[in-house]
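# Descriptive structure summary
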Amino acid sequence: MSTNQSSNKKLGKQTNAIHFGYDKDSQQTMSVPIYQTTAYAFDSSLQASNRFSLQELGNIYSRLTNPTCDVLEKRLSVLEGGAASIVTASGSAALFYAITNLAGSGDNVLVANKIYGGSTTLLFHTLKRFGIKAIEFDIDDLSTLESKIDSKTKAIFFETLSNPQIAVADIEALTSIAKKHKVITIADNTVATPILCNPFKHGVDVITHSLSKYISGQGSVLAGAVIEREGLNELIKDNPRYAHFNEPDSSYHGLVYTSVPLPNYTLRIRIALLRDIGATLSAFNAWLVIQGLETLALRIKKHSKNALKIAKFLASHPKVESVSYPALESDRYHALAKKYFYKSYSSGLVSFVYKGSEEETRKVVDSTSIFSIVVNIGDTKSLIVHPASTTHSQLSESELKEVGILPNLIRLSIGIEDFKDLKEDLEEALGK
Ligand SMILES: *Cc1c(COP(=O)(O)O)cnc(C)c1O
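Residues numbered from 1 in each chain as written. Predicted model: local features only at pLDDT ≥ 70, side-chain atom pairs only at ≥ 80, totals over all residues. Heavy atoms only, no water.

### Remarks on the environment of leucine 395
Considering the arrangement of structural elements, one finds leucine 395 in the loop between strand E11 (383-385) and helix H16 (397-402). Among the residues examined, leucine 395 registers a relative accessible area of 30% and is labelled partly exposed. For leucine 395 and isoleucine 405, which are 10 residues apart along the polypeptide, the C-alpha to C-alpha distance reads 9.6 Å. Among all residues touching leucine 395, those that are not within four sequence positions of it are Leu400 and Val403. (Helix = DSSP H or I, 4+ residues; strand = E, 2+ residues; numbered from the N terminus. Buried < 20%, exposed > 50% of the residue type's maximum accessible area, 1.4 Å probe, protein only. Contact = heavy atoms within 4.5 Å.)

Okay, structure coming up:
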């Protein structure tokens, strides 16, 4: 079991995304091998027992660790500047582990109001049945956040660049409140990616990712990750909020996590939650994500440049009422994008309000030809969707208004095709 401690943090992100964590000289293959195995052979029964007791770190069974997944974990850790990471079967599984590693029945978590729809249902509905209460806070107005923290608050969760609202969080304002109360902050960095934003630099404790989006990049795989920052052990040690890390775990022969000299947060996810729930990433899917990660930096920059040009084109179009895109100087989140994102690059997510009825707006969606009507994001291919009738169709009219999903809103995930072709496609669909 690797702790993903990195010695190559001085290398650039592009170099680490391609080389870190894999020793090609010993393996002699340029491509990271796919370790398609359920279990691992031990040299001796002593070695087997030492691995179970954590006296020796190493592979036991692929529900816990796998060498292909390990390379991906190391690369994600180094790109985010973290101490250790765990890859999971999906982004949703990553969030489930990130939260339930801290909170149990009777506890609460504070959750930003602008987040991914699947995260909303997980936190507000499914976890409620496990006795964990999600309490909403306004990501655009943090003045009431502190008053919502009580002794049962185990985590504060938000998205750095939210999907689909395209809101940018004031990360430092948020983490400074959490630090006062020694509450762990969890940031979903899926849309910004570690190339545009590094939440650990701004005080975040834990990062989650859906690797299914920009990181794999081609819409071919589901995967997720949880990453912990350097030094998180000190926040957990003797912290009454996290007593279960400081007391013997009877499911692991009385192990006290804070007594182990490894990053404690991900250690507990691996040896307790992955062990028992098993939403592990397969070696093959890890390998696919590794291929995507190699070109992430190139792609996210191209997505962002294309999207900014599209946003500017839309903003000047007579049939467009308004455009949301943080890299636009007129956007309400522009100052935050400037502060937290590399060169204010804001990914491929753009939304706009069409000057027309719901029916006319849906016609625009149906009239594009290069754009595909898809609810995913982060694909190399450009995608278009009408949120009010799809991703947000379960919401009532007043709820739709509250979250800003108007009947004439269109969301785009701008791909890396030629800008000229995307612009002409939209131009034709928008009409005169
Ligand atoms: C897609 C997404 C998720 C869920 O990830 P899956 O890999 O689809 O399970 C979580 N958060 C954000 C921001 C997402 O876009």
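After presenting the structure, the write-up continues.
### Some thoughts on the environment of threonine 15
Within the secondary structure, threonine 15 is located in helix H1 (residues 13-19). Looking at threonine 15, the relative accessible area reads 35%, which means it is partly exposed. Expressed as a C-alpha distance, the spacing of threonine 15 and leucine 79, which sit 64 residues apart in the sequence, is 9.9 Å.

### Some words on the side chain of aspartate 331
Along the chain, aspartate 331 falls in the loop between strand E8 (320-324) and helix H14 (334-340). Buried charge without a salt bridge: aspartate 331, with arginine 332 as the nearest opposite-charge side chain at an N-O distance of 6.6 Å. There is a polar contact of 2.9 Å between the side chain of aspartate 331 and the backbone nitrogen of tyrosine 325. Not counting chain neighbours up to four residues away, the residues in contact with aspartate 331 comprise Val323, Ser324, Tyr325 and Pro326. (Lys, Arg positive; Asp, Glu negative; His and termini not counted. Salt bridge = Lys/Arg side-chain N within 4 Å of Asp/Glu carboxyl O. Polar contact = N/O pair within 3.5 Å; in protein donor to acceptor, adjacent residues only side chain to side chain.)

### Remarks on the site of the ligand
The environment of the ligand is made up of 13 residues, and the closest members are Gly91, Asp188, Ser210, Ser212 and Lys213. Glycine 91 is positioned with one of its backbone polar atoms (N or O) 2.8 Å from an oxygen atom of the ligand. Alone, the ligand offers 380 Å² of accessible surface; in the complex the protein occludes 94% of this. (Near = heavy atom within 4 Å. Areas by Shrake-Rupley, 256 points an atom, 1.4 Å probe, with all protein chains shown as cover.)

### Considerations on the nonpolar core
Membership of the largest hydrophobic core comes to 104 residues, with the highest contact counts inside it found for Leu72, Leu123, Phe137, Phe158, Ile186 and Tyr265. Taken domain by domain, the makeup of this core includes at least three residues from each of domain 1 (11-292) and domain 2 (298-431). Those residues in contact with phenylalanine 137 that lie beyond four places of it in its chain are Leu110, Val111, Ala112, Asn113, Leu142, Leu145, Lys148, Ile156, Phe157, Phe158 and Leu174. Counting 24 residues, the second largest nonpolar core, distinct from the first, contains Tyr325, Tyr354, Ile384 and Leu412. (Core = buried A, V, L, I, M, F, W, Y, C linked by side-chain atoms within 4.5 Å. Domains from an automatic or database assignment.)

### Considering the domain arrangement of the chain
Each assigned domain of the chain is listed with its residue range as follows: domain 1 (11-292) and domain 2 (298-431). Here domain 1 and domain 2 have C-alpha centroids that lie 30 Å from each other. Opposite the 32 residues of domain 1 that make contact, domain 2 presents 33 residues. Summed over both partners, the interface of domain 1 with domain 2 comes to about 2,600 Å²; 62% of that surface belongs to carbon and sulfur atoms. Summed over the three residues of domain 1 that lose the most area to domain 2, namely Ile166, Leu196 and Tyr214, the buried surface amounts to 31% of that side. In this structure, glutamate 172 engages lysine 339 in a salt bridge whose closest nitrogen and oxygen atoms are separated by 3.3 Å. Linking domain 1 to domain 2 there are 14 residue pairs in polar contact (both at pLDDT 80 or more). Of all the secondary-structure elements, those providing two or more residues to the side of domain 1 that touches domain 2 are helix H7 (171-180) and helix H8 (193-196). Residue classes in the side of domain 1 that touches domain 2 are distributed as 15 nonpolar, 12 polar and five charged. (Buried area = accessible area lost by both parts, 1.4 Å probe. Nonpolar A, V, L, I, M, F, W, Y, C, P; charged D, E, K, R; others polar.)

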